[in-house]
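Spelled out, the chains give:
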Amino acid sequence: VRPITGAELWRPGDRVMGMVAGGFAPSVVVDERQLTAVPADWSWETAGSVPLVFLTAYRALVELADVRPGEKVLVHAGAGGVGMAAIQLARHLGAEVFATASEPKWPVLRELGLPDDHIASSRDTGFADRFSAVGLDVVLNALSGEFVDASLQLLGPGGRFLEMGKTDLRPADTVPDGIRYEPFDLGWVDHDGIRRML
């Protein structure tokens, strides 16, 4: 890192990671609030893989859904980058986690500690029947169409549906009563918000 005039958080040579637009380049200019220190025992590869996926999961589960111990969370596309981060974070928060993924990716979900009865396919809406009696509190969504409809039906009053895919946004009057439907994007978070999350 090479701070510009007025920078306060970092010194030349600090190892940093964070939310950097155009980060696949030999050098970038970024607001210092978008960065945090790389832990001493992390490789550059680990540092580069963490911010986007874990900040997305954190924004969804901590800041928007306010997940509490004992709540039940469904993570769609659980074997993807954000999905794996969300599963880890939700379990850390004390939630019971359910996830969907294509069947060849189920071993990834098992490695993350999910039992078979908490795993379903993301290729059809059978997850709705599989998890219908669970009483979900939160859905982290990355799917569209009939998958959104099926997911919304799994939430009861007070449920939170967090829309990260944004390919199939729903008007408020089509969302079942008592459910909070919230599309979100890290790009909508200001620099101070990113700094707080980091």
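What counts, and where the lines are drawn
- Residues numbered from 1 in each chain as written.
- Predicted model: local features only at pLDDT ≥ 70, side-chain atom pairs only at ≥ 80, totals over all residues.
- Heavy atoms only, no water.
- Pairing = 2+ DSSP bridges.
- Helix = DSSP H or I, 4+ residues; strand = E, 2+ residues; numbered from the N terminus.
- Axes fitted to C-alpha atoms, helices over the stretch in contact; angles between N-to-C directions.
- Contact = heavy atoms within 4.5 Å.
- 1 Å grid on protein atoms, 1.4 Å probe; cavity = no way out; pocket = protein on both sides within 12 Å on 5 of 7 lines; lining within 4 Å.
- Points joined across faces, edges and corners; volume = space filled by probe spheres on them.
- Right-handed = clockwise from strand over helix to strand, strands pointing away.

(A) A look at the sheet that holds strand β3 (residues 72-75). Strands sit in the order β5-β4-β3-β6-β7-β8 across an open sheet of six strands; the sheet is parallel. Looking at the sheet topology across the chains shown, the edges are occupied by β5 (119-121) and β8 (180-183). Taken over all neighbouring pairs, the strand axes of this sheet differ in orientation by 15° on average, direction set aside. In terms of strand pairing, strand β6 (residues 136-141) meets strand β7 (residues 155-163) through five bridges, oriented parallel. Counterpart to V139 in the pairing with β7 is F161. In this fold helix α2 (residues 51-64) packs onto β3, β6, β7 and β8, with an angle of close to 150° to the strand it touches most, β7. Against the sheet, helix α3 (residues 81-92) engages β3, β4 (96-101) and β6, with an angle of about 170° to β4.

(B) Structural detail: the layout of surface pockets. Empty space within the second largest pocket amounts to approximately 270 Å³. What lines the second largest pocket is a set of 14 residues, and nearest its centre among them are V50, F54, L55, M197 and L198. Looking at the lining of the second largest pocket, the elements that each hand over two or more residues are β2 (35-37), α2 and α3.

(C) Quick peek at the pairing of β3. Of the pairings in the sheet, the one linking β3 to β4 comprises four bridges and is parallel in character. Bridge pairing links K72 to E96 in β4. The parallel pair β3 and β4, bridged by α3, forms a crossover whose chirality is right-handed. As paired elements, β3 and β6 share three bridges and run parallel to each other. In the sheet register, L74 faces β6, and the bridge partner there is V139.

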